[in-house]
Every structure is written in C-alpha cells, then in structure tokens.
Amino acid sequence: MTDPRFVVQRHRARRLHYDFRLEIDGVLVSWAVPKGPTLDPKVRRAAYHVEDHSIDYIHFEGVIPAGGYGGGDVIVWDAGTWRPAAGVDDPGKALADGELHLDLFGEKLRGRFVLIHTGKDRDRERWLLLHKNDEFARGGWDPEDHPRSVLSGRTNDEVKADPERTWRSNRPDG
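Along each chain, the written sequence defines residue order, and numbers are assigned to residues from 1. Totals for whole chains, interfaces and linings use all residues, but because this is a predicted model, local features are given only for residues with pLDDT of at least 70 and pairs of side-chain atoms are given and counted only at 80 or more. Side-chain measures were taken over the full set of non-hydrogen atoms in the model, leaving aside hydrogen atoms and water.

(A) Examining the environment of Tyr 57 more closely. Helix and strand assignments follow DSSP, with helices taken as H or I runs no shorter than four residues and strands as E runs no shorter than two, numbered in order from the N terminus. Structurally, the position occupied by Tyr 57 is in the loop between strand S4 (44-54) and strand S5 (62-64). The buried label goes to any residue with under 20% of its type's maximum accessible area, the exposed label to any with over 50%, and the partly exposed label to all in between, with areas taken from a 1.4 Å probe on protein chains only. Take Tyr 57: its relative accessible area is 4%, and that puts it in the buried class.

Set out below in structure tokens:
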C-alpha cells in the first residue's frame, strides 16, 4: 500500500494563505493556514478547516477566476506523502477526536507535525498546526523564504502573469 499524499498550495486570494491538504478517505481534507506551515518547533500556526477538495485538485497550479470562490493565483508550494504517527490507526477518527499526529515527507516540509482542534469561530473550525522538535526542525524557518513551486519552479507572480491552467466548475481546463 502506498502512503497517502499531501499538498500545500500557496494561494493569493483575498489574503495570502497556504492551503494544507491531506489525502484521507478519497478526498483532500483541507485547512487554510494564514502564515503557512513552518519547521520551527517553537511556532504554532493557526489553521482553519475548510471544505474538502477532490483528489484531482492535488496538482492544481494556476488561476482561479476573480469573483469565484477562492479567486486568485495558486502554486503547488510543497507536495509529498504522509503517514499517521504510530498508534494512529484511523486518521479520520483522529481528526474527529481533535488531534492528529503525522509525519510529512515533502520537498520542503519533513518530520512530525500535529494538528490540534482548538474550537470554533462562527462557521470555521480553529486548529493549530505545529512541527515537533525532531531532526527536521529548524528554528526561524519561514515559508516565505521558499516562494517557488515544487511543481513548476515558478512563483505566484509568474503563474499569475502566465497561467497554464484556469480552474472552473471544480475542473481544470488544461
């Protein structure tokens, strides 16, 4: 059995944020992380659970037209596989219970991460995303110091200026 995939998309919509997505039970379970994930174990990042996305969105890099949900430019900032930590038999249940420990094997993000449910604001579930102090931990590590796509090598500005794909009706059109 192959490990499930993850993707982090750097998304400039109304505000810059990073979409952290884990493949679980045939969908991409997703969180918006305003300041992006980090390898710094001293930093706790706010994460807001958003709607699940279809698996075909995992490689989307391009432009979502203005006026639509999430309108803006998107790059595949990081991608790879992940595994639930030892003792986590059902990641979906762990999330429903409010805490998931997982190991990421990405090009930028590696090591043990934890998602912790902290409450609800209006319609949004609040979570924390943090990196454990392991061999991949890096103090002061900032995602904005690593702005290029792992898919194309381009930045958000380059994708916005010359998009190869536009997302419409939940399907990329090339």
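(B) Broad picture of the environment of His 117. Its place among the elements puts His 117 in strand S8 (residues 110-121). Residue His 117 is classed as partly exposed on the basis of its relative accessible area of 34%. Put simply, His 117 and Leu 151 are 34 residues apart on the chain and 30 Å apart in space, counted from C-alpha to C-alpha. Residue contacts are counted whenever heavy atoms from the two residues lie within 4.5 Å of one another. Once residues within four sequence positions are removed from consideration, His 117 is found in contact with Gly 98, Glu 125, Arg 126 and Trp 127. Polar side-chain contacts of His 117 include one of 3.2 Å to the backbone oxygen of Gly 119. Definition of a polar contact: a pair of N or O atoms within 3.5 Å, with one able to donate and the other able to accept a hydrogen when the atoms are protein atoms, and with sequence-neighbouring residues admitted only if both atoms are side-chain atoms.

(C) How the structure looks around the packing of aromatic side chains. The rule is short: rings of Phe, Tyr and Trp, with Trp giving its six-membered ring, pair when the centres are within 6.5 Å, and they are stacked under 30 degrees, edge-to-face over 60, tilted in between. Enumeration according to the criterion identifies five aromatic pairs in this entry. Both rings, one in Trp 31 and one in Trp 127, keep their centres 5.9 Å apart while their planes meet at 80 degrees; by these two values the pair is edge-to-face. With a gap of 96 residues between them, Trp 31 in strand S3 (residues 27-33) and Trp 127 in strand S9 (residues 124-131) connect regions that are remote in the sequence. Trp 127 shares its class with Trp 31; the two are buried. A ring pair is formed by Trp 77 and Trp 141, whose centres lie 6.1 Å apart and whose planes are at 70 degrees; its orientation type is edge-to-face. In this pair, Trp 77 is assigned in strand S6 (residues 72-84) and Trp 141 in the loop between S9 and helix H2 (156-161), connecting sequence segments 64 residues apart. When sorted by exposure, Trp 77 lands in the same class as Trp 141, which is buried.

Keep in mind these numbers describe shape, not what the thing actually does.
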